Amino acid sequence: MKKNDIKNQSGMTFFGFIIVAAILLSILLAGVKIVPDYIEFFGVKKIIQKIGNEPDFDGMNRKDIEKMFDHGAAAGYVTVVHGSDLQISKDENGKQVVTVEYQVVKPLAFNLSALMDFKASTAK
């Protein structure tokens, strides 16, 4: 090869490719482990919103709300939160508010973990 041909060549080296592939695989692995928890959170949020949209929501007692949540959780494959974990309070207008807050720790690799905080509420 001539000297000029070597100067014009460009591209990624094999070791550069290995490093980029390792980074992309790490991101993919983290995503595969974390995405199911977000899907489950969206299920929890949907159940909470459904309870809040009930016509007689303000007249429901704690037992009714817990039962309705547990029924929706069983149908939606939600296992991380139960009806007994719900926080029920009143807002400044005297309307009932149901809130759930929880954390999920997901081990990724070695001693590296992801901590995810989730919160859903019927408050608008």
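Rules behind the numbers
Residues numbered from 1 in each chain as written. Predicted model: local features only at pLDDT ≥ 70, side-chain atom pairs only at ≥ 80, totals over all residues. Heavy atoms only, no water. Phe/Tyr/Trp six-rings, centres within 6.5 Å; stacked < 30°, edge-to-face > 60°. Helix = DSSP H or I, 4+ residues; strand = E, 2+ residues; numbered from the N terminus. Buried < 20%, exposed > 50% of the residue type's maximum accessible area, 1.4 Å probe, protein only. Salt bridge = Lys/Arg side-chain N within 4 Å of Asp/Glu carboxyl O.

Structural notes on the packing of aromatic side chains
Moving on, step 1. Per the counting criterion, the structure on display carries five aromatic pairs.
Moving on, step 2. Relative to Phe-42, the ring of Phe-41 lies with its centre 5.7 Å away and its plane at 50°, an arrangement referred to as tilted.
Moving on, step 3. Aromatic side chains Tyr-102 and Phe-118 sit 5.2 Å apart centroid to centroid with 35° between the ring planes, which places their arrangement in the tilted category. Residue Tyr-102 is located in strand E2 (residues 96-109), and its partner Phe-118 is located in strand E3 (residues 112-121); the two are separated by 16 residues in the primary sequence.
Moving on, step 4. Judged by its relative accessible area of 11%, Tyr-102 is buried.
Moving on, step 5. Members of the aromatic cluster, joined through ring pairs, are Tyr-38, Phe-41, Phe-42, Tyr-102 and Phe-118.

Describing the pattern of salt bridges
Moving on, step 1. Going through the model one piece at a time under the given rule, you end up with two salt bridges.
Moving on, step 2. The salt bridge involving Lys-106 is made with Asp-37; its shortest N-O contact spans 3.7 Å. Here Lys-106, found in strand E2, pairs with Asp-37, found in helix H2 (residues 14-52); they are 69 residues apart in sequence, far enough to count as distant.
Moving on, step 3. Exposure remark for Asp-37: the relative accessible area of 8% places this residue in the buried category.
Moving on, step 4. In this structure, Glu-66 and Arg-62 form a salt bridge, with 2.8 Å as the shortest nitrogen-oxygen distance. Within this pair, Glu-66 and its partner Arg-62 are both found in helix H3 (residues 62-75), separated by four residues, close to a single helical turn.
Moving on, step 5. Given a relative accessible area of 36%, Arg-62 falls into the partly exposed group.

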